[in-house]
Amino acid sequence: MAGGASAANSTNGVRIVVAGDRGTGKSSLIITAAAEAFPANVPPVLPPTRLPEDMFPDRVPVTVIDTSSSLENRGKLADELKRADAVVLTYACDQPATLDRLSTFWLPELRRLEVKVPVIVAGCKLDLRDEQQPVSLEQVMSPIMQQFREIETCIECSAYKHIQIPEVFYYAQKAVLHPTAPLFDQEAQTLKPRCVRALKRIFILCDNDRDGALSDAELNDFQVKCFNAPLQPSEIVGVKRVVQEKLPEGVNENGLTLTGFLFLHALFIEKGRLETTWTVLRKFGYNNDIRLSDDQLLPPIKRTPDQSVELTIEALEFLKGVFTLFDIDGDGALNAHELEDVFSTAPESPWSEAPFAVAAERNALGGLSLDGFLSKWALMTFLNPVISVENLIYIGYAGDPSSAVKLTRRRRVDRKKQQTDRNVFQCFVFGPKEAGKSTLLHAFVGRPFTEVYTPTPATEERYTVNIVDQPDGTRKTLILREIPEDAVEKLLIHKDALAACDIAVFVHDSSSEASWTKATELLVQVASHGESTGYEVPCLIVAAKDDLEPYPTAIQDSTRVSQDMGIEAPIPISTRLGDFNNVYRRIVRAAEHPHLSIPETEAGKTRKHYHRLLNRSLMVVSVGAAVGIVGLAAYRVYATRKNASG
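Values in this document were obtained by computation on a predicted structure and should not be read as measured data.

Novice: When you look at the overall build of the protein chain in this model, what are you seeing that I'm missing?
Specialist: Each helix and strand in the protein chain was counted, giving 22 helices and 21 strands. Its C-alpha atoms give the protein chain a radius of gyration of 35 Å, clearly above 26 Å, the size a compact globule of 646 residues would have. Long-range pairs, those at least 24 residues apart, make up 72% of the contacts in the protein chain with a sequence separation of at least 6. Carbon and sulfur atoms make up 54% of the accessible area of the protein chain, which totals about 32,000 Å². Side-chain charges in the protein chain split into 71 positive and 84 negative, and the spacing between the mean points of these groups amounts to 9 Å.

Novice: Help me understand the environment of R412, please; the structure alone is not making it clear to me.
Specialist: Counting through the fold element by element, R412 comes out in helix α16 (residues 411–417). We classify R412 as partly exposed; its relative accessible area is 30%. In this structure R412 touches D306, T533, G534 and Y535, once residues within four positions along its chain are discounted.

Novice: What is the right way to look at the nonpolar core in this model?
Specialist: Formed by 72 residues in total, the largest nonpolar core has its most connected members in L183, I202, Y286, W351, F373 and W377. Excluding residues within four positions of it along the chain, W377 makes contact with L311, L319, F343, W351, S388, N391, L392 and I395.

Novice: Would you mind going over the sheet that holds strand β3 (residues 62–65) with me for this structure?
Specialist: The pairing of strands in a sheet comes from backbone hydrogen bonds and takes either a parallel or an antiparallel form. Sheet architecture is open: 6 strands sit in the order β2-β3-β1-β4-β5-β6, paired in mixed fashion. The open sheet has two free edges, formed respectively by β2 (49–51) and β6 (151–156), since each of these has just one partner strand. Between one strand and the next, the sheet's axes are offset by a mean angle of 25°, whatever the strand orientation. Relative to strand β5 (residues 119–124), strand β4 (residues 86–92) is paired through 6 bridges, and the arrangement is parallel. Among the inter-strand pairings, V87 is bridged to a residue of β5, identified as V119. Here helix α3 (residues 74–82) sits on the sheet and contacts β1 (14–20), β3 and β4; the angle it forms with β1, its principal contact strand, is near 140°.

Novice: In this structure, what is going on with the pairing of strand β20 (residues 539–544)? I would like to understand it.
Specialist: In regular strands, side chains alternate between the two faces of the sheet. Counting buried residues along β20, 6 of its 6 residues qualify, which places the element largely inside the surrounding structure. Both strand β19 (residues 503–509) and β20 contribute to a ladder of 6 bridges, which runs parallel. When the bridges of β20 are listed, A504 appears paired with C539. A crossover links β19 with its parallel partner β20, the connecting element being helix α19 (residues 513–533), and its sense is right-handed. Where β20 lies against strand β21 (residues 571–572), 2 bridges are found, and the strand directions are parallel. Note on β21: the bridge partner recorded for A543 is P572. For the segment spanning β20, helix α20 (residues 554–565) and β21, crossover handedness is right-handed.

Novice: What's the story with the packing of aromatic side chains in this structure? I'm lost.
Specialist: The geometry of an aromatic ring pair comes down to the distance between the two centres and the angle between the two planes. In this structure the tally under the stated criterion is 16 aromatic pairs. Look at F428 and F430: their rings are 6.2 Å apart centre to centre, the planes differ by 65°, and that puts the pair in the edge-to-face class. Under the relative-accessibility criterion, F428 is labelled buried at 1%. Seen in terms of ring centroids, F580 and Y584 are 6.1 Å apart; in terms of plane orientation they differ by 40°. Their pairing is tilted. Overall, the relative accessible area of 23% leaves F580 in the partly exposed class. R481 extends its terminal NZ or CZ atom over the ring of F428, reaching a point 5.0 Å from the ring centre.

Novice: Quick question: what am I supposed to make of the UniProt feature "domain: EF-hand" (unreviewed entry) in the protein chain here?
Specialist: In the numbering used here, UniProt assigns the feature "domain: EF-hand" (unreviewed entry) to residues 314–349. Within residues 314–349, the helical portion is 56% and the strand portion 6%, while the C-alpha atoms at the span's ends are 22 Å from each other.

Novice: Which parts of the structure should I look at to understand the environment of G20?
Specialist: Within the element layout of this structure, G20 appears in strand β1. Relative accessible area serves as the criterion here: at 0%, G20 is assigned to the buried category. In sequence terms G20 and L89 are 69 residues apart; their C-alpha atoms lie 5.4 Å from each other. In this structure, G20 is in contact with K26, S69, T90 and W106, ignoring residues within four places of it in sequence.

Novice: Just to check I follow, could you spell out the sheet that holds strand β9 (residues 213–214) for this structure?
Specialist: Taken in spatial order, the 3 strands make up an open sheet running β9-β11-β10, and their pairing is antiparallel. Of all the strands in the sheet, the pair left with one neighbour each is β9 and β10 (251–252). Here 2 bridges tie β9 to strand β11 (residues 255–257), and the two strands are oriented antiparallel to one another. Considered in β11, the bridge of A213 is made with T257.

Novice: I keep staring at the environment of T67 and nothing clicks. Help me out?
Specialist: Among the structural elements, T67 can be located in the loop between β3 and α3. Excluding residues within four positions of it along the chain, T67 makes contact with V17, V18, A19, K26, V45, L77 and E80. A distance of 2.7 Å separates the side chain of T67 from the backbone oxygen of V18, its partner in a polar contact.

Novice: When you look at unusual backbone geometry in this model, what are you seeing that I'm missing?
Specialist: Residues other than glycine predominantly adopt negative phi, and peptide bonds predominantly adopt the trans conformation. The omega torsion of the bond from A354 to P355 falls at 5°, within 30 degrees of zero and hence cis. You can see P355 is positioned in the loop between α13 (336–342) and β14 (368–369). The phi torsion at E114 lies on the positive side, around 60°, for a residue other than glycine. Checked against the element boundaries, E114 lands in the loop between α4 (96–112) and β5.

Novice: What should I look at first to understand the pattern of salt bridges in this one?
Specialist: Two side chains with opposite charge may pair up if their charged atoms get near one another. Counting across every chain of the model gives 31 salt bridges. The shortest N-O distance in the salt bridge between K320 and E317 comes to 3.3 Å. Pair noted here: K320 and E317 are both in helix α12 (residues 313–326), with a separation of 3 residues, about one helical turn. The shortest N-O distance in the salt bridge between K433 and D486 comes to 2.8 Å.

Novice: Please explain helix α15 (residues 385–394) as it appears in this structure.
Specialist: An α-helical turn contains 3.6 residues, so a residue and the one three or four places further along point in the same direction. Counted residue by residue, α15 has 8 buried out of 10 residues, so it is predominantly covered. Residues of α15 that are buried: P385, S388, V389, E390, N391, L392, I393 and Y394. Once α15 finishes, G396 follows within two positions and takes phi at roughly 120°, a positive value.

Novice: What exactly am I supposed to notice about the packing of α4 against helix α5 (residues 137–147) here?
Specialist: When two helices pack together, their arrangement is captured by the angle between the axes and the distance separating the axes. Where α4 contacts α5, the two axes come as close as 11 Å, and the packing angle between them is 20°. Compared by their axis directions, α4 and α5 come out roughly parallel. In terms of crossing hand, the pair formed by α4 and α5 is right-handed. Touching L99, L107 and R111 of α4 are V140, M141, I144 and Q147, all from α5.

Novice: Whenever I open this one, helix α11 (residues 274–283) confuses me. Can you help?
Specialist: Turning to α11, its buried residues number three or more, namely L274, T276, T277, W278, V280 and L281. Packing partners of the buried residues in α11 comprise α6 (165–177), α7 (193–206), α8 (216–227) and α10 (258–270). Looking one or two residues past α11, G285 carries a phi angle of roughly 90°, positive in sign.

Reading the values: rules and limits
Residues numbered from 1 in each chain as written. Predicted model: local features only at pLDDT ≥ 70, side-chain atom pairs only at ≥ 80, totals over all residues. Heavy atoms only, no water. Helix = DSSP H or I, 4+ residues; strand = E, 2+ residues; numbered from the N terminus. Rg over C-alpha atoms; globule rule 2.2 N^0.38 Å. Contact = heavy atoms within 4.5 Å. Areas by Shrake-Rupley, 256 points an atom, 1.4 Å probe, with all protein chains shown as cover. Lys, Arg positive; Asp, Glu negative; His and termini not counted. Charge placed at Lys NZ, Arg CZ, Asp CG, Glu CD. Buried < 20%, exposed > 50% of the residue type's maximum accessible area, 1.4 Å probe, protein only. Core = buried A, V, L, I, M, F, W, Y, C linked by side-chain atoms within 4.5 Å. Pairing = 2+ DSSP bridges. Axes fitted to C-alpha atoms, helices over the stretch in contact; angles between N-to-C directions. Right-handed = clockwise from strand over helix to strand, strands pointing away. Phe/Tyr/Trp six-rings, centres within 6.5 Å; stacked < 30°, edge-to-face > 60°. Lys NZ or Arg CZ within 6 Å of the ring centre and 35° of its normal. UniProt positions renumbered as here; feature names shortened; annotations may be inferred. Polar contact = N/O pair within 3.5 Å; in protein donor to acceptor, adjacent residues only side chain to side chain. Salt bridge = Lys/Arg side-chain N within 4 Å of Asp/Glu carboxyl O. Parallel < 35°, antiparallel > 145°, perpendicular 65-115°, else oblique. Left-handed = near helix turned anticlockwise from the far one by under 90°.

Encoded structure:
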């Protein structure tokens, strides 16, 4: 719900917009609700009207907006509808044509304007309906409600006779504060998956002894936390009896099971008591989207473009514990079912889509090892630390959210200090088409070599991530991000394009001179961008397809370029033969000592030479000036002494 999520916590309260055909009773409905009296004279359009807070049990302020349906006011109507938390659509009970207009104009118009808020349909002027033609409201509205699921409630009313006037706005306010759509699937008559996941997390948080059931004491603590009132022993017995009669597995010898807990909430919702479930969700920090509200999460992290975020040791130890807990079969890997269980208390699995779905290494049976599990978390934290910490909280991290992550030192400072204390490195993989970029990424996570060439679309962000063991015993996480050839220009439009890059690798097909030429062009392009923006990055060249015959001048060309630019000679690899020449370790080593592999272009050398000359000339001028000042001071001393002796 768009408007409702903010409205529930807003000091401005709930904003209800009343719309419908002319003459359907919009203004009379509003005045009668506000003044509790039918108006003698009704203006064409009312100003915004505030309803008394004590009209409703939630005591949330309600502002009602009247609208004109005339063509000349269509723009203003659209603006008001887009700002609504809920919409009341009116028709006149004595004018069947106005009822037809709901499905032929008003409801499609809300969809066209993308107004995604609850809708209350109000049949006004009930007192004027022809009693000779009795009509069942359910019979009339059922087809419309089937077609337009955004309709929460239908109600008939009469301002003149004071029939069900407050109820119209009560249902509208209730639909905002306690919306059905996020909780319940009306067609399937079941709780929605995200609601189930949130309630499961709440159940686990309340199951203090971790025995899979809420005991009488735990149920009572839950009741006090959510509703500020204890349950009487007879009430607890009554709750469990209701569950057991309908669902025997909902109660066991230890108390109310998760199945029983979910059944109770489905029962509340079916009986129209949505406020009960919403009260529970909000007490545990959930908003109307059934995600934790911002005040429960990590605040946005202030950082420069060349700083990144990593998980702390505390968070990593927590994740190792989670891995062990959910590795039910003890095979050292999480299968698909076990991984789904890990995130069964999150709104959804954060790894079901790109770039996470296939980013880490899996075993022959598709299981995710501990290294693969921690690697995915490292990637998620690197790309979006706020979402990463949010998911840590969903799966049970109980510490302060800010204790889960740390901000790294600026890469610019790392280069000056000639070392880094980072544990997670991002490598941009550049290269021409068919050079072997994707193959390098796939090999990093253990995927077998294939002869079939599949180009990476320029719009796709492809990552792989793994942990690399270093010769000194340390373990670093390396993220490889493929940059398709067609995406380079678009990437380098941005000044800070290379800010988050720890090292760039340029892959070429060692059997193709054209591939080598394009790779060196990309190297110069990237190095020039770094020199001009101050975000220089260390670079390595990878000569892929080393099992093929090299082109004739390959050795001379590669030696010349690497020497001219002051970087390491190309690293030959053959993915087909499984010969990687320690390439991933060498990438990490170059990233750990960034000053050793930063290339210099001819333009960069010229600029540096110019600055040296300029600094030298400034030094000569300043030394000359200093000598002059010293000489003048010496002369003054000599003159002073001569005058004193004379």
